[in-house]
Amino acid sequence: MIKFGKPLSMCLCLLAVWACVPKAAKEGDKETENRVEALLAKMTLQEKIGQMNQMNYSGNVEEIAGLIKEGKIGSLLNLTDPELVNKLHEIALKESRLKIPVLISRDVIHGYKTIFPIPLGQAATFNPEIVEQGARIAAVEASSDGIRWTFAPMVDLSRDPRWGRIAESFGEDPLMNAVMGEAMIRGFQGEKLSDPSAIAACAKHFVGYGAAEAGKDYNSTFIPERLLRNVYFPPFEAAAKAKCATFMVSFNDNDGVPSTGNSFILKDILRDEWKYDGMVVTDWASATEMIAHGFCKDRKQAAAIAVNAGVNMEMVSGAFIESLEALVDEKKVSITTIDDAVRNILRLKFRLGLFENPYVATPQAVKYTEVHLEKAKETAEQSAILLKNADNVLPLSEKVRTIAVVGPMADAPHDQLGTWCFDGEKNQTQTPLNALRKLYGDKIRVIYEPGLMYSRDNNKAAFHKAIAAARQADVVVAFVGEESILSGEAHSLADLSLRGAQSDLITALAQTGKPLVTVVMAGRPLTIGKEVDESAAVLYMFHPGTMGGPAIADLLFGKAVPSGKTPVTFPKMVGQVPVYYAHNRTGRAPTGEETLIDNIPLEAGQTSLGCTSFHMDAGFGPLFPFGYGLSYTAFAYSNLKLSAAKLNTRDTLTVRFELANTGKYTGVEIVQLYVRDHVGSVTRPVKELKGFQRVSLEPGEHKTLIFTLPIENLAFWNRDMKKVVEPGDFTLWVGTNSEEGLSADFEVIE
Ligand code: NOJ
């Protein structure tokens, strides 16, 4: 019998461990892996389980310090005091047995102190560079308070504006969520995670959370595997490829299986298919919520199911720390599973450089700097969507001497920040009213009469003052929308119309006969067809953040030109939801004239001829399609040419066309590329976004633009659940939104 000496057996042991490490980690950083293994080898089971425990900062410093000393906390949530962060790090590094630093985390979603537009607004920019820059700024500010892990980006695409968290998403499209998610990850994580200003990102919520039934937060989803793979997975796969340090599971159950206990998504897809080597955390108590789901009988079983499914760290509910030791004893959870989880946690801490230096330098004057505020303003400007501009009422001309500023959102510093900003401060917010007075007050008279105090206000007692102000003015600018608390987590709505008496206020202002410019600030698309009809111009801002005011003021006066496009379809009425551009083709697509409910003759006989898929009371289409947005200038598309009419699956198609600025202002057009696959082994979307670019043109200028489209980007998960490009006929469009554009056909051959 061959006997191994101790060193050789240890080597074999390490080799065996090395074989379990995901390929990406092996290639990435051998030294880190060695450090992880060396530390893991020294850890007791209790210390390992301690790393898997994330606690919310309770304010009880003594208790937290004690637990850190005992090695019972892997991560702390919601601590923002840098002095205290340093004190706790000192305890971990000097007083705990293994000196493992604690990872400090916080929801830094669209800015830390300097608040940027909500993610839905950032998506409206169609500008990943500015999204990346915003996330970098957020990371610089947050890390200055000791935060090294954020729970963003949320790449849950959503096709349901009733869902309050659509505010936090990048809209309805998989490509948009993928591109913007990657950009945020780059911004948060910086060039390397070990930089003290880098914060680990978290792709959340894996997966399907944005498809909650009836748009009610936390609700069930029923997404079949093909739809998961074609639509809901791609932004997460892109995040994994972009080396997003962590993933968070979602609260929802999909087809009966809560994500926290779903090994198909956490192991088969995330680890085996995507080779992800980052760390997976539950959502807030989502492990123990599996009991309420009726999926687990108690906390102990919840811990076993979550860990065995592939979760590494538990956020706040404490079931891991209380049951994992017993579960290992009882052989219900293997030590290999625990070790794998702890490897992922330690790897992240090493990559963040926390073992070298977890401390934060204090004080740091990096919050609300001029550069940060300027970037927040620029982002807000780019996020503005001009939905209507009859008779070019905007930008306001030099002839305007007096404007009436009306509406509950004109001076609502807390509400314009939007949802998910724990750390933004309303006393730093610049509102439209302030900005109009400050930036334009020397040239124009601003009369402010809000009419309503807040968005849900039903009291019309002050309407007469707003109307009187309108009568004295050359132009009325009405600021309406939603308070920030009307969107975000757990803030879903069944009615998407303007709340309170806002709609009546718009009507009353329109009836004065004065040009009415309506500025909407909201967390989601609202059903504002009536208000659009009554207004001369409508500027839509998803909650624009700290610098929303100056951005809006400059947009109104033409110092900035709107360029944003809708990242989500705007329904005419809630009953149309879900309404999204990339829907599958039905056997009865609407064609010809809409016959609406009022045009149906009395006692009309039923027929099955000519029947198509639409709502009799809403018509064929939405209020505004995906990708829609006007400018003060005008753009003309022409001369579309494809590099080939027939291509094989390994080719790249070059799409050339001309864009001209035919208007009077320098402006940015967001040119969009869509493709339809005519026949598939399963039905395919009417069109899918395959690319977009922001193009700036001066008046009279024209440019030849190019999209390159690798044919492999047309692959989809087909009838056999294989990702392939199916040869056949395709049409592509280049245009200004998902409904208009120049088109050309091409064929893909074997
Ligand atoms: C619950 C939310 O769903 C999640 O997005 C967030 O990051 C955690 N709470 C932590 O606050």
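Residues numbered from 1 in each chain as written. Predicted model: local features only at pLDDT ≥ 70, side-chain atom pairs only at ≥ 80, totals over all residues. Heavy atoms only, no water.

**Section: the packing of helix α5 (residues 61-69) against helix α6 (residues 82-95)**
Between α5 and α6, the least distance of the axes is 8 Å, while the angle of their chain directions is 30 degrees. The pairing of α5 with α6 is recorded here as roughly parallel in orientation. Remark: the crossing between α5 and α6 carries right-handed chirality. Together, Val61, Ile64, Ala65, Ile68 and Lys69 of α5 and Leu84, Lys87, Leu88, Ile91, Ala92 and Glu95 of α6 make up the contact between the two elements. (Axes fitted to C-alpha atoms, helices over the stretch in contact; angles between N-to-C directions. Helix = DSSP H or I, 4+ residues; strand = E, 2+ residues; numbered from the N terminus. Parallel < 35°, antiparallel > 145°, perpendicular 65-115°, else oblique. Left-handed = near helix turned anticlockwise from the far one by under 90°. Contact = heavy atoms within 4.5 Å.)

**Details of the sheet that holds strand β10 (residues 314-315)**
Ordered by their spatial adjacency, five strands build an open sheet running β4-β3-β2-β1-β10, and the pairing between neighbours is parallel. Each having just a single partner strand, β4 (149-150) and β10 make up the two edges of the open sheet. With three bridges joining them, strand β1 (residues 53-56) and strand β2 (residues 75-77) adopt parallel strand pairing. Residue pairing for β2: Met55 is matched across the bridge by Leu76. (Pairing = 2+ DSSP bridges.)

**Quick notes on helix α13 (residues 299-309)**
Burial in α13 covers these residues: Ala302, Ala303, Ala304, Ala306, Val307 and Ala309. Packed against the buried residues of α13 are α11 (263-273), α12 (289-292), α14 (319-329) and α15 (335-351). With its phi angle positive at about 125 degrees, Gly310 sits one or two positions after the end of α13. (Buried < 20%, exposed > 50% of the residue type's maximum accessible area, 1.4 Å probe, protein only.)

**Focus: the UniProt feature "domain: Fibronectin type III-like" (unreviewed entry) in the protein chain**
Under the UniProt annotation, "domain: Fibronectin type III-like" (unreviewed entry) lies at residues 669-738. Taken as a whole, residues 669-738 contains 0% helix and 60% strand, while its terminal C-alpha atoms sit 14 Å from one another. (UniProt positions renumbered as here; feature names shortened; annotations may be inferred.)

**Side note on the sheet that holds strand β19 (residues 652-661)**
Pairing within the open sheet is antiparallel, and its three strands lie in the order β17-β19-β22. Unpaired on one side and paired on the other, β17 (635-642) and β22 (702-710) mark the two borders of the sheet. Across the sheet, the mean angle from the axis of one strand to that of its neighbour is 25 degrees, orientation sign disregarded.

**Considering the site of the ligand**
Asp107, Phe151, Arg165, Lys204, His205, Met248, Phe251, Asp283, Trp284, Met315, Trp420 and Glu489 make up every residue found near the ligand. Within the contact set of the ligand, an oxygen atom lies 2.7 Å away from a side-chain nitrogen or oxygen of Arg165. Residue Lys204 places a side-chain N or O atom 2.7 Å away from an oxygen atom belonging to the ligand. For the shell around the ligand, the class distribution of residues is six nonpolar, one polar and five charged. (Near = heavy atom within 4 Å. Polar contact = N/O pair within 3.5 Å; in protein donor to acceptor, adjacent residues only side chain to side chain. Nonpolar A, V, L, I, M, F, W, Y, C, P; charged D, E, K, R; others polar.)

**Overview of the packing of helix α16 (residues 370-383) against helix α21 (residues 548-556)**
With their axes 8 Å apart at the nearest point, α16 and α21 run at an angle of 50 degrees to one another. One way to sum up the angle between α16 and α21 is to call them oblique. Here α16 runs over α21; the crossing is right-handed. Every residue of α21 that contacts α16 at Lys377, Ala380 and Glu381 is listed here: Gly548, Pro550, Ala551, Asp554 and Leu555.

**Comments concerning the domain arrangement of the protein chain**
Domains assigned within the protein chain are domain 1 (51-106 + 198-206 + 237-360), domain 2 (384-557) and domain 3 (635-748). Look at where the C-alpha atoms of domain 1 and domain 2 centre, and you get two points 43 Å apart. (Domains from an automatic or database assignment.)

**Considering the pattern of salt bridges**
A full pass over the atoms with the stated rule returns 37 salt bridges. Residue Lys460 is joined to Asp504 by a salt bridge in which the shortest nitrogen-to-oxygen separation is 2.7 Å. Linking Lys460 in the loop between β13 (445-449) and α18 (463-472) with Asp504 in helix α19 (residues 502-510), this pair joins segments that are 44 residues apart in sequence. Overall, the relative accessible area of 35% leaves Asp504 in the partly exposed class. Lys646 serves as the salt-bridge partner of Glu747, at 3.8 Å between the closest nitrogen and oxygen. Taken together, the residues span a long stretch of sequence, with Glu747 in strand β26 (residues 740-749) and Lys646 in strand β18 (residues 646-648) at a distance of 101 residues. Classification of Lys646 as exposed rests on a relative accessible area of 51%. (Salt bridge = Lys/Arg side-chain N within 4 Å of Asp/Glu carboxyl O.)

**Details of the nonpolar core**
Phe206 and Phe247 are the most contacted members of the largest nonpolar core, which totals 120 residues. If you count residues domain by domain, this core takes at least three from each of domain 1 (51-106 + 198-206 + 237-360) and domain 3 (635-748). Leaving out residues up to four positions away in the same chain, Phe247 has contacts with Cys202, Ala203, Phe206, Phe236, Ala239, Ala240, Leu270, Trp274, Tyr276, Met279, Val280 and Val281. (Core = buried A, V, L, I, M, F, W, Y, C linked by side-chain atoms within 4.5 Å.)

**A word on the pairing of strand β16 (residues 537-542)**
Across the six residues that make up β16, a large majority, six, are buried. Burial along β16 is two-sided: Ala537, Leu539 and Met541 and Val538, Tyr540 and Phe542, pointing in opposite directions, are all buried. Pairing between strand β11 (residues 385-389) and β16: four bridges, direction antiparallel. The residue of β16 that forms the bridge with Leu386 is Leu539. Here strand β15 (residues 516-522) runs beside β16; their pairing, made up of six bridges, is parallel. Across the sheet, the residue bridging to Val520 is Tyr540, located in β16. As for the winding sense of the linkage, the β-α-β connection from β15 through helix α20 (residues 529-534) to β16 is right-handed. (Right-handed = clockwise from strand over helix to strand, strands pointing away.)

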